[in-house]
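Here are the chains, one letter per residue:
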Amino acid sequence: MLRYWTAGESHGKTLIALVDGFPAGVTIDTDVIDVELKRRQGGYGRGGRQRIETDKVDVRTGVWHGMTLGSPIALEVVNRDYKLERLDDLPRPRPGHGDLTGAIKFLGSIRGILERASARETAVRVAAGALAKQLLSAFDITVFGYVTEVGGEEIKPVEGTLDELRAIRDKSELYGLNLERDPAIKALIDRAGKDGDTLGGIIEVRVDGVPFGLGTHAQWDRKLDGRLAQAVMAVQAIKGVEIGMGFEAARRPGSQVHDPIHYDASKKETSSLGYTRPTNNAGGLEAGMTNGQPIVIRAAKKPISTLAKPLESINLDTKEPEEASYERSDVCAISAASVIVENVVAFEVACAVVDKFGGDNLPEMLGRYELFLKMARDR
Ligand SMILES: Cc1cc2nc3c(=O)[nH]c(=O)nc-3n(C[C@H](O)[C@H](O)[C@H](O)COP(=O)(O)O)c2cc1C
Ligand SMILES: C=C(O[C@@H]1CC(C(=O)O)=C[C@@H](OP(=O)(O)O)[C@H]1O)C(=O)O
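Residues numbered from 1 in each chain as written. Chains lettered and ligands numbered in written order. Predicted model: local features only at pLDDT ≥ 70, side-chain atom pairs only at ≥ 80, totals over all residues. Heavy atoms only, no water.

- The name an unreviewed UniProt entry assigns to the chain is Chorismate synthase, from the organism Bythopirellula goksoeyrii.
- According to the UniProt record, the Sequence similarities (unreviewed entry) comment for the chain reads "Belongs to the chorismate synthase family."
- Per its UniProt entry, the chain bears the Subunit (unreviewed entry) comment "Homotetramer." (UniProt positions renumbered as here; feature names shortened; annotations may be inferred.)

As structure tokens, this is what we get:
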């Protein structure tokens, strides 16, 4: 079983992801992980913190001569803005953050909650996802995330191959798929910043090259749609998850929702085994299992909770009404969130690959994958 945990506070010494159950024999390129970490730090609308940090991964355990050993892998990203010992508490909880509930639940400080609730922790979630992508690439599975909406403004994607779309996204300051929309949306973010306000948005992630049969119908906690939804929803500030047509499917009759099943022998050698679907409203998942089509998953991110023009709150000591605390904050972090969601999806898909093809070592997994394809083609 492949899994991970993280440790670390936002302004503490360091952040750690401990990845357990990662197969042996996977070549790891730490530069590729650092590219993802850099992308997560970027995107238009980020606050002052990203000018302090330069995130780089240090693979502390589990890798020898650039290859995984099958033992636990500890990934570390050190905080440059380490100052926790000098920081005071925050007196006035910020609506939308974990401040009020955390301080009440743990009978303690707001600082003690926000330090761990903070999305700073996602640096090492991204490192774990970027590690998982290096396993997925051996199976030609690619995971690609982009922004489709910011503050209610749509970024309708242009058409193109995956490589063309990647090139566009990597040029976009918003990580969207339509460069023409960037100036208007940057102006929207600037306006929100000037008004002391914040913005959220919508992210889409596409997973290509997915074989049939990842996940299972047999038990609720092993259904891949459910596991993906949990991984995505557990990203800070994500408030909605859709797979394929998502909520829109509820508004249409079945004839306009379900994807007909066709067969094209010339595609027998691909991961779809020749079973083609003229549409992919299911988003690649039926009954908790992948159906040979790309996985498509969307996430809705709420606006940042800390407003420069603070909302009404209470001073927890005096119980008197006061404005919520403000130190510094992102105005819009949807682009960063797209990198995070992309990487948590990658990790979850890698878990399902390990479940299906075994997790001891990569050559054995690839052998089992080929055997499965052969048997499934003959089905
Ligand atoms: C990439 C990213 C950056 C974020 N930056 C901030 C920030 O600067 N200030 C803030 O108040 N919240 C920020 N958030 C949101 C909080 O982490 C989040 O709202 C909080 O942990 C409460 O969790 P919840 O929104 O899931 O309920 C950010 C979230 C993400 C994903
Ligand atoms: C540090 C990161 O994001 C932080 C997430 C965050 C929050 O409350 O979630 C609050 C801010 O922290 P700070 O007050 O130190 O500026 C963001 O900068 C990061 O993504 O690397």
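Having seen the model, we can carry on.
### Section: the overall build of the chain
Point 1. Secondary structure summary: the chain contains 10 helices and 17 strands in total.
Point 2. On C-alpha atoms alone, the chain measures out to a radius of gyration of 22 Å, which is about the 21 Å that the 2.2 N^0.38 rule sets for 379 residues.
Point 3. Principal axes of the C-alpha set define a box for the chain whose edges measure 70 × 50 × 40 Å.
Point 4. Burial statistics for the chain: of 379 residues in total, 47% are counted as buried. (Helix = DSSP H or I, 4+ residues; strand = E, 2+ residues; numbered from the N terminus. Rg over C-alpha atoms; globule rule 2.2 N^0.38 Å. Buried < 20%, exposed > 50% of the residue type's maximum accessible area, 1.4 Å probe, protein only.)

### Some remarks on the site of ligand 1
Point 1. The immediate surroundings of ligand 1 are formed by 19 residues, with Ala117, Ala237, Lys302, Thr306 and Asp330 found nearest.
Point 2. Between ligand 1 and Thr306, the relevant distance is 2.4 Å, taken from an oxygen atom to a side-chain nitrogen or oxygen of the residue.
Point 3. Here Asp330 contributes a side-chain N or O atom positioned 2.8 Å from a nitrogen atom of ligand 1.
Point 4. Protein chains shield 86% of the accessible area of ligand 1, which is 620 Å² for the free molecule.
Point 5. Considered class by class, the residues forming the shell around ligand 1 number 7 nonpolar, 6 polar and 6 charged. (Near = heavy atom within 4 Å. Polar contact = N/O pair within 3.5 Å; in protein donor to acceptor, adjacent residues only side chain to side chain. Areas by Shrake-Rupley, 256 points an atom, 1.4 Å probe, with all protein chains shown as cover. Nonpolar A, V, L, I, M, F, W, Y, C, P; charged D, E, K, R; others polar.)

### Some details on the sheet that holds strand β7 (residues 142-150)
Point 1. If you trace the 5 strands from one edge of the open sheet to the other, you get β8-β7-β9-β15-β10, paired in antiparallel fashion. Because the sheet does not close on itself, it has two edges, and the strands there are β8 (153-154) and β10 (238-243).
Point 2. Pairing of strand β9 (residues 201-208) with strand β15 (residues 295-301) involves 7 bridges; the strand directions are antiparallel. Bridge pairing in β15 links Gly201 to Lys301.
Point 3. The strands that helix α6 (residues 162-171) touches are β7 and β9; relative to β7, the one it contacts most, it runs at about 50°. (Pairing = 2+ DSSP bridges. Contact = heavy atoms within 4.5 Å. Axes fitted to C-alpha atoms, helices over the stretch in contact; angles between N-to-C directions.)

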